[in-house]
Amino acid sequence: MYVVIVGGGRTGAQLARTLIAQDHDVHVVDDRKQVLTRIHRELPTELIHEGELLNAQVLEQAGIEQADVMAACTTHDEVNLVLCYLARKRYGVRRTIARVNNPRNAWLFNDLFHVDVELNQASIMASMIQEEMSLGDMVTLLKLRRGHYSLVEEKIPAGAKAVGVAIKDLVLPRNCVITAILRSGDVVVPRGETVFEVGDEVLALTDPKSARELVALFEDPEMD
Amino acid sequence: MQIIVVGCGRMGSELAYRMSQRGQDVAVIALPDAPRENLPADFQGRVFEGDVTNYEVLHRAGIETCDALVAATNSDALNLVVAHAAAQKFHVKTVVARNYDPAYRYLYEMFDLQIVSATSWAAQRLEEMVYHGEVRAVFSAGNGEVEVYELAVGAEWDGHPLSEWMIADVIAVSVARAGRAHLPRPDWILKAGDVVHVSATLDGVESLRALVCRPREEK
């Protein structure tokens, strides 16, 4: 994919390195001398474009007209917003990603400025920390719809409340569905009669609140 | 009218003060780096300090109920974001933005925003004044792309039809004779002392000036 990254600071440069390693066609734009000096040491010179971030000619030099993705990673939220709007409206870029620097500006990062994906570092960190604190051994496999619903996995230890209980007899949290059980290398499709065993790996689709209730069913209460 | 002025630099504070002197209900949002000191002590409006992209700040200034918003900071990106949010999210009836750097004017066109580009406008006026004093611009439309000019008819044009002046990029607006203005028809015959108003681009008025002020030997 052709990716234009605007803003080559720590976030932008890290993203560029990751994408280059995956063989994507990456171009980075920045206007700060110090930053440019640093990324010239880290990235191939022909991928770095120097110039004002909102200047159409500079962006066109970086190939925004053929870009599949534009990632706005500058430290100014208003610049990131204008970049997303510009990328979609003027150049028809299919996917726009913007970094949110100040969480208080997050309300603007949506269709209003054609932001497809907002990367709100502060809130991602906060919710990850919160999940780590509350969910113990539960692993999040996939986040759906910007992280409101998740597919989670949990291995049932001996002593958990759910062991020996059939799904139909288990009072499951409201916004939660058991989607699969992995048992001795096989997939068991969950039915009402299916009884949980020690060592089962349970996959469930759930929202954050139900996830916490689910943990209570599938964890060994003695462990705390 | 309830009006929000975003930005409290020289432009924002001057504008806010003028409108409050006219009795408008003005709220100024002063950015952390451009504090309220620019406002005269007798400013009657309300002042809020904070980031203009913070919803709480806009809400306190009355974004949901205001009739008009002017984005007048010295950051084009900030003006674009605030003006676009005001127009599209809060449906503020009148939204005007200040274009600070003329290089970024194309962005305002893309956002479909009304702007005043003080730098472009002043540069254009200064350019006109350097070239010629005798043809006076009396009204600027947009940011000076089209202006209305006033020209006096000299004796050498007495008896000529006005249509001779209607060259490319020039349209007649009115002809005043003896203190009374007329909507001119193309067959209007000029008389020395008439004052003609035309609407023209800068190129148009340059050509007209060359034609009208040229020393006329023939006929």
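Quick caveat, the model's predicted, so the values are computed rather than measured.

A. Seen up close, the domain arrangement of chain A. In terms of domains, chain A is made up of domain 1 (2–124) and domain 2 (136–223). Here the C-alpha centroids of domain 1 of chain A and domain 2 of chain A sit 39 Å apart.

B. Structural view of the packing of aromatic side chains. By the definition in use, this model includes 8 aromatic pairs over all chains. A ring pair is formed by A:Trp107 and B:Tyr55, whose centres lie 5.5 Å apart and whose planes are at 70°; its orientation type is edge-to-face. Remark: B:Tyr55 occurs in helix α2 (residues 55–61) and A:Trp107 occurs in the loop between β5 (95–100) and β6 (117–120); the pair is interchain, linking two chains. Judged by relative accessible area, B:Tyr55 falls into the partly exposed class, the value being 27%. Through a chain of ring-to-ring contacts, the aromatic side chains of A:Tyr85, A:Phe113 and B:Phe111 assemble into a single cluster.

C. Representation of the interface of chain B and chain A in the model. The partner chain A presents 19 residues to the 20 residues of chain B that form the contact. Where chain B meets chain A, there are 0 salt bridges. Taken together, chain B and chain A are joined by 6 residue pairs in polar contact (both at pLDDT 80 or more). Those elements that provide at least two residues to the side of chain B that touches chain A are α2, α3 (76–88) and α4 (105–110) of chain B. Sort the elements by how many residues they give to the side of chain B that touches chain A and α3(B) lands first, with 7 residues. When its residues are assigned to classes, the side of chain B that touches chain A shows 13 nonpolar, 5 polar and 2 charged.

D. Geometry of the pattern of salt bridges. All names here are of chain A. If you walk through the whole model with that rule in mind, you get 15 salt bridges over all chains. Measuring nitrogen to oxygen at the nearest pair gives 2.8 Å for the salt bridge that ties Asp30 to Arg32. According to the relative accessible area criterion, Asp30 is buried, its value standing at 1%. Under the relative-accessibility criterion, Arg32 is labelled partly exposed at 32%.

E. Main features of the domain arrangement of chain B. As assigned here, chain B comprises domain 1 (2–116) and domain 2 (121–212). Centre-to-centre separation of domain 1 of chain B and domain 2 of chain B, based on C-alpha positions: 36 Å.

F. Fine view of the pairing of strand β2 (residues 25–30) of chain A. Residues and elements named next belong to chain A. Burial within β2 is extensive, with 5 of its 6 residues counted as buried. As paired elements, strand β1 (residues 2–6) and β2 share 5 bridges and run parallel to each other. Paired with Ile5 across the two strands is Val28, which belongs to β2. Read as a crossover between parallel neighbours, the route from β1 over helix α1 (residues 10–21) to β2 is right-handed.

G. Region of the structure containing the state of the cysteines. All names here are of chain B. Taken as a whole and assessed by the stated rule, the structure comprises 0 disulfides over all chains. Free cysteine Cys66: the closest other cysteine sulfur is in Cys8, separated by 17 Å. On the accessibility criterion, Cys66 (8% relative accessible area) is buried.

H. Representation of the sheet that holds strand β9 (residues 176–183) of chain A. All names here are of chain A. Pairing is antiparallel in the open sheet, where 5 strands are placed in the order β7-β8-β11-β9-β10. Both outer strands of the open sheet, β7 (139–144) and β10 (186–188), are each paired with one neighbouring strand and no more. Neighbour to neighbour, the strand axes of the sheet diverge by 20° on average, direction disregarded. Note: strand β8 (residues 149–155) against strand β11 (residues 201–206), 6 bridges, orientation antiparallel. Across the sheet, Glu154 pairs through a bridge with Val202, a residue of β11.

I. View of α1(A). All names here are of chain A. The first and last C-alpha atoms of α1 sit 17 Å apart over 12 residues, in line with the 16 Å expected at 1.5 Å per residue. Among all positions of α1, only Gly12, Ala13, Ala16 and Leu19 are buried. Along the long axis of α1, the arc covered by the buried residues comes to 130°, so they all point the same way. Looking at α1, the residues exposed on the side facing more than 90 degrees away from the buried face are Arg10 and Ala21. Of the surrounding secondary structure, the elements contacted by the buried residues of α1 are β1, β2 and α2 (33–42). Trailing α1 by a residue or two, Asp23 shows a phi angle of about 70°, which is positive.

J. Quick look at the environment of A:Ala122. Looking at the element boundaries, A:Ala122 is found in helix α5 (residues 121–135). For the pair A:Ala122 and A:Val29, spaced 93 residues apart in sequence, the C-alpha separation works out to 24 Å.

K. Summary view of the packing of helix α4 (residues 77–91) of chain A against α3(B). Where α4(A) contacts α3(B), the two axes come as close as 8 Å, and the packing angle between them is 70°. As judged from the angle between their axes, α4(A) and α3(B) are roughly perpendicular. Here the hand of the crossing between α4(A) and α3(B) comes out left-handed. For the pair α4(A) and α3(B), the contacting residues are A:Glu78, A:Val79, A:Leu81, A:Val82 and A:Tyr85 in the first and B:Ala77, B:Leu78, B:Leu80, B:Val81 and B:His84 in the second. The residue inventory of the contact of α4(A) with α3(B), partitioned by class, reads 8 nonpolar, 1 polar and 1 charged.

L. Representation of the layout of surface pockets. Computed from the structure, the second largest pocket encloses a volume of approximately 540 Å³. Lining the second largest pocket are 26 residues, and of these B:Leu31, B:Asp33, B:Thr73, B:Asn74 and B:Leu78 lie nearest its centre. Elements represented by at least two residues in the lining of the second largest pocket include exactly α4 of chain A together with α1 (10–21) of chain B. Among the residues forming the lining of the second largest pocket, the class breakdown is 9 nonpolar, 11 polar and 6 charged.

Procedures and definitions
What you see as residue numbers is a count from 1 along each chain, following the sequence as written. Chain labels run from A onward and ligand labels from 1 onward, assigned in the order the entries are written. Totals for whole chains, interfaces and linings use all residues, but because this is a predicted model, local features are given only for residues with pLDDT of at least 70 and pairs of side-chain atoms are given and counted only at 80 or more. Note: side-chain values were computed over all heavy atoms of the structure, leaving out hydrogens and water. For every domain, the bounds stem from an assignment made automatically or drawn from a database. To pair, rings of Phe, Tyr and Trp, with the six-membered ring standing in for Trp, must have centres within 6.5 Å; the planes then decide the type, stacked if under 30 degrees apart, edge-to-face if over 60, and tilted in the middle. Per the convention used, a helix needs a DSSP run of H or I reaching at least four residues, while a strand needs a run of E reaching at least two, with both numbered from the N terminus. When accessible area is computed with a 1.4 Å probe and restricted to protein chains, residues below 20% of their type maximum are described as buried, those above 50% as exposed, and intermediate ones as partly exposed. Here a residue-residue contact requires only that any non-hydrogen atoms of the pair lie within 4.5 Å. Whenever a carboxyl oxygen of Asp or Glu lies within 4 Å of a side-chain nitrogen of Lys or Arg, that contact is scored as a salt bridge. Under the rule applied, a polar contact is a pair of N or O atoms within 3.5 Å (in protein, one hydrogen donor and one hydrogen acceptor; residues adjacent in sequence only if both atoms are side-chain atoms). In this classification, Asp, Glu, Lys and Arg are treated as charged, Ala, Val, Leu, Ile, Met, Phe, Trp, Tyr, Cys and Pro as nonpolar, and every other residue, Gly included, as polar. Paired strands, in this sense, are two strands between which DSSP finds at least two bridges. Viewed with both strands pointing away, a crossover whose connecting path from the first strand over the helix to the second turns clockwise is right-handed. Here, the term disulfide refers to a pair of cysteine sulfur atoms separated by no more than 2.5 Å. Here an angle of 0 to 180 degrees is reported between the N-to-C directions of two axes, which are lines fitted to C-alpha atoms, with helices fitted over the stretch in contact. The length a helix should cover is 1.5 Å for every residue beyond the first. Read the arc as the range of directions from the helix axis to the C-beta atoms. Angle categories: roughly parallel below 35 degrees, roughly antiparallel above 145, roughly perpendicular from 65 to 115, and oblique for all the rest. Rotating anticlockwise by less than a right angle from the far helix to the near helix defines a left-handed crossing, while the corresponding clockwise rotation defines a right-handed one. A cavity here means a set of 1 Å grid points, computed over protein atoms only, where a 1.4 Å probe fits but cannot escape. A pocket is an open set with protein on both sides within 12 Å along at least 5 of 7 lines, and lining residues have an atom within 4 Å of a point. Grid points are joined across faces, edges and corners, and a volume is the space filled by probe spheres set on the points.

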